[in-house]
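Notes for the structure review
Okay, here's what each chain looks like letter by letter:
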Amino acid sequence: MSQDFPQRRARMEYVCMDCGHRHPVDSLLYTCPDCGGVLLLEDLDFDEMKARGAQYWRSLFDARRATRTRALRGVFRFYELMAPVLEEEDIVYLGEGDTPIIEASPALEKSVGRRFAYKNDGQNPSASFKDRGMAGAYSYLKSLVRKNGWKEVLTICASTGDTSAAAAMYGAYVGEPIRTVVLLPHGKVTPAQLAQPLGSGAQVLEVPGVFDDCMKVVEYLADHYRVALLNSKNSWRVLGQESYAYETAQWFGWEMKDKALFMPIGNAGNITSMISACLKMHRLGLIEELPHIVGVQSEHADPVWRYYSQPRKQRIYRPVTVQPSVAQAAMIGNPVSFPRVKNLVEKFEALGGRFDVVQVTEQAIMDGMILVNRHGHIACTQGGESFAGMLQAQALGILRDGEFCILDSTAHALKFSGFQSMYFEDRFPAGYGVKANPGLVNHPRLLLSAEERAAMPAGEFTRAAALAVARAAGLNARD
Ligand SMILES: *Cc1c(COP(=O)(O)O)cnc(C)c1O
Ligand SMILES: [Zn+2]
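Please read all numbers here as calculations on a predicted model, not as lab measurements.

A closer look at the coordination of the zinc ion (ligand 2)
- Protein coordination at the zinc ion (ligand 2) comes from Cys-16 (SG), Cys-19 (SG), Cys-32 (SG) and Cys-35 (SG), with a distance range of 2.3 to 2.4 Å.
- Spacing between the donor residues of the zinc ion (ligand 2) along the chain follows C-x2-C-x12-C-x2-C. Of the two residues, Cys-16 sits in strand β1 (residues 12–16) while Cys-35 sits in the loop between β2 (22–24) and β3 (39–43), which places them 19 residues apart along the sequence.
- On the basis of relative accessibility, which here comes to 4%, the residue Cys-16 falls in the buried class.
- Residue class for Cys-35 comes out partly exposed when judged on its relative accessible area of 38%.

In structure tokens, the structure reads:
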């Protein structure tokens, strides 16, 4: 064991969000064996850590940013806040976590009229935040393989694209005895997202339909076959994704006062992680005030927004049928983690935390993504959704003066370049309801045809091309 790897181990249990029953973590559970409810992991010895005082933990986590111990370089910098049951040898580290927080470009801040930043979770190894959760799930899975001597483990997940990319990459790295199967809604993931699990050598299976259909299929499989489910129904994923909030608080010197965290909601795993992490930091005293958390949903996939937009006492949760959405990775009508959100939001609000969900148009998401990327950011469509959410929150008056917004760009822009092309060519299928704003459109321009080049005398091309470039770009000759 490396010298700085923590010695202390804690006891952990799964807690059911419906019936409250507790279950030991020595087996991989997705749902409560007693009632079928979703689970969250709880550290029974968490409050022991209070004895050291918050400053001890802040300093430890700050010092750990410089560690050369691989197992503590990624999301397990916050080992004690996440999974203090794992051994160093179990932990899989592929460079996930520690993603940068980039303040919005000066021109963009000026046009919005408020200071804000992007946390670029597309700078994870498979280019989305899902790597955080996979590091959690695979590390736990490795510990089970080690303890049980399993000879074959088949992992499976349903995906809107990024879960399968991450699952396949970690599975390929860990290797024997892990085998990865991913299930995708045919034609509903981007070419880049399809290329990723194929390139990692996973078995890629597709069915017609949308993500919600695939989710039902893998749930059926998890109930009837020996498979390890890697969707965020798996609470070890949610645990790994808590690292986003820990990193954010740490970056701001453990000060969350006047900070608003914006993120898209799809299956609601990521927002669950965010609230859970903030509650833990608050409980330990790492942060004194809870941040403002704002979930964002597209008008084409908005069951969580619908729930929270009803008057408090009359709230009823109903799944929705999704419409085509450019925020395709969040195009989910029946989020698996909704009961977790509901449960945690109650605790969060009871402690004075502000929680909101806003709804945005498809048009605002696309315009948002294109606009921020024209200012040097690398937002995916879901990152555009976070931006649109901030504008919407501002318009609704739910942001206070001086609140600093941190927008989650959950994946890298490159994964979603197909939507950018549709925008630039103004050819969105009718179902999306998106039109290009001509002021944001950009096209390549061919200056000389291959025929024109072929017709030129040898040695003429460079000068002719340079002249054409100078004319097109409006260059002035040197005196
Ligand atoms: C998975 C995903 C989401 C949605 O996150 P949930 O945890 O399902 O709410 C948003 N953006 C991207 C890029 C994703 O891959
Ligand atoms: Zn239960």
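Once you've had a look at it, read on.
What to know about unusual backbone geometry
- Residues Glu-176 and Pro-177 are joined by a peptide bond in cis, for which omega reads 0 degrees.
- Here Pro-177 shows up in the loop between α5 (162–174) and β7 (178–185).
- In this structure, Trp-254 is a non-glycine residue whose phi angle is positive, near 60 degrees.
- Locating Trp-254 in the fold gives a position in the loop between α9 (243–251) and β10 (259–264).
- Phi is positive for Ala-268, which is not a glycine, with a value near 70 degrees.
- With respect to the helices and strands, Ala-268 occurs in the loop between β10 and α10 (269–284).
- Take Ala-268: its relative accessible area is 2%, and that puts it in the buried class.

A word on the site of ligand 1
- What surrounds ligand 1 is a group of 14 residues, the closest being Lys-130, Asp-162, Asn-267, Asn-270 and Thr-410.
- Here an oxygen atom of ligand 1 sits 2.6 Å away from a polar atom, N or O, in the side chain of Asp-162.
- A distance of 2.8 Å is found between an oxygen atom of ligand 1 and a backbone nitrogen or oxygen belonging to Asn-267.
- Contact with the protein chains covers 98% of the free accessible surface of ligand 1, which is 380 Å².
- Here the shell around ligand 1 is built from residues that sort into 6 nonpolar, 6 polar and 2 charged.

A short note on the environment of Cys-157
- Residue position: Cys-157 is located in strand β6 (residues 153–158).
- C-alpha separation for the pair Cys-157 and Lys-216, spaced 59 residues apart in sequence, amounts to 11 Å.
- Beyond its immediate stretch of four places on either side in the chain, Cys-157 contacts Thr-163, Ser-164, Ala-167, Val-181, Val-182, Leu-183, Val-218, Leu-230 and Asn-231.

Some remarks on a negative patch on the surface
- On the surface, Glu-255, Asp-258, Glu-288 and Glu-289 cluster together into a negatively charged patch.
- Mapped onto the secondary structure, Glu-255 falls in the loop between α9 and β10.

Some remarks on the sheet that holds strand β4 (residues 101–103)
- Read across the sheet, 6 strands follow the order β4-β5-β13-β10-β11-β12 without closing on themselves; strand pairing throughout is mixed. One side of each edge strand has no neighbouring strand; the edge strands of this open sheet are β4 and β12 (354–360). Mean inter-strand twist for the sheet, computed between neighbouring axes without regard to direction, equals 25 degrees.
- Strand direction decides the pairing type here: β10 and strand β11 (residues 292–298), joined by 5 bridges, are parallel. Residue pairing for β11: Leu-261 is matched across the bridge by Ile-293.

Comments concerning the pattern of salt bridges
- Evaluation of the coordinates by the stated rule reveals 24 salt bridges.
- Notably, a salt bridge pairs Asp-162 with Lys-415, separated by 2.5 Å at the nearest N-O pair. A residue pair is termed long-range when its members are at least 10 positions apart, and Asp-162 in helix α5 and Lys-415 in the loop between β13 (404–409) and α15 (417–424) qualify at 253 residues. Here Asp-162 and Lys-415 have matching classes, each one buried.
- The partner of Glu-425 in a salt bridge is Arg-427, and the shortest N-O contact between them spans 2.5 Å.
- On the basis of relative accessibility, which here comes to 45%, the residue Glu-425 falls in the partly exposed class.
- Note on Arg-427: relative accessible area 45%, which makes it partly exposed.

Some remarks on the domain arrangement of the protein
- The domain boundaries assigned to the protein delineate domain 1 (101–125 + 238–439) and domain 2 (447–479).
- Here domain 1 and domain 2 have C-alpha centroids that lie 46 Å from each other.

Concerning the packing of helix α13 (residues 362–373) against helix α14 (residues 381–396)
- The N-to-C vectors of α13 and α14 enclose an angle of 100 degrees; their axes lie 7 Å apart at closest approach. It follows from the interaxial angle that α13 and α14 lie roughly perpendicular. Together, Ala-364, Ile-365, Met-366, Gly-368, Met-369, Leu-371 and Val-372 of α13 and Thr-381, Gly-384, Glu-385, Phe-387 and Ala-388 of α14 make up the contact between the two elements.
- Here the contact of α13 with α14 is built from residues that sort into 8 nonpolar, 3 polar and 1 charged.

Remarks on the sheet that holds strand β9 (residues 228–229)
- Sheet architecture is open: 4 strands sit in the order β8-β7-β6-β9, paired in parallel fashion. The outermost strands of the open sheet, each flanked by one partner alone, are β8 (203–207) and β9.
- Where β7 lies against β8, 5 bridges are found, and the strand directions are parallel. What sits directly across from Val-181, in β8, is Gln-203.
- Across the sheet, helix α6 (residues 191–199) is in contact with β7 and β8; its angle to β8 comes to roughly 140 degrees.

What to know about the layout of surface pockets
- Taken as a whole, the largest pocket spans an internal volume of roughly 420 Å³.
- Glu-42, Ser-276, Lys-280, Arg-283 and Leu-344 are, among the 20 residues lining the largest pocket, the residues nearest its centre.
- When contributions to the lining of the largest pocket are tallied by element, the ones reaching two or more residues are β3, α8 (235–241), α10 and α12 (338–350).
- A per-element tally of the lining of the largest pocket places α10 first, with 5 residues.
- In terms of residue class, the lining of the largest pocket is made up of 10 nonpolar, 4 polar and 6 charged.
- Around the second largest pocket, the lining is made up of 16 residues, and of these Trp-150, Val-153, Arg-226, Val-227 and Ala-228 lie nearest the centre.

The rules behind the values
- Residues numbered from 1 in each chain as written.
- Chains lettered and ligands numbered in written order.
- Predicted model: local features only at pLDDT ≥ 70, side-chain atom pairs only at ≥ 80, totals over all residues.
- Heavy atoms only, no water.
- Donors = N, O, S within 2.8 Å, 3.2 Å for Na, K, Ca; no water.
- Helix = DSSP H or I, 4+ residues; strand = E, 2+ residues; numbered from the N terminus.
- Buried < 20%, exposed > 50% of the residue type's maximum accessible area, 1.4 Å probe, protein only.
- Near = heavy atom within 4 Å.
- Polar contact = N/O pair within 3.5 Å; in protein donor to acceptor, adjacent residues only side chain to side chain.
- Areas by Shrake-Rupley, 256 points an atom, 1.4 Å probe, with all protein chains shown as cover.
- Nonpolar A, V, L, I, M, F, W, Y, C, P; charged D, E, K, R; others polar.
- Contact = heavy atoms within 4.5 Å.
- Patch = residues over 30% accessible without salt bridge, like charges linked within 9 Å, V, L, I, M, F, W, Y side chains within 5 Å.
- Salt bridge = Lys/Arg side-chain N within 4 Å of Asp/Glu carboxyl O.
- Lys, Arg positive; Asp, Glu negative; His and termini not counted.
- Charge placed at Lys NZ, Arg CZ, Asp CG, Glu CD.
- Pairing = 2+ DSSP bridges.
- Axes fitted to C-alpha atoms, helices over the stretch in contact; angles between N-to-C directions.
- Domains from an automatic or database assignment.
- Parallel < 35°, antiparallel > 145°, perpendicular 65-115°, else oblique.
- 1 Å grid on protein atoms, 1.4 Å probe; cavity = no way out; pocket = protein on both sides within 12 Å on 5 of 7 lines; lining within 4 Å.
- Points joined across faces, edges and corners; volume = space filled by probe spheres on them.

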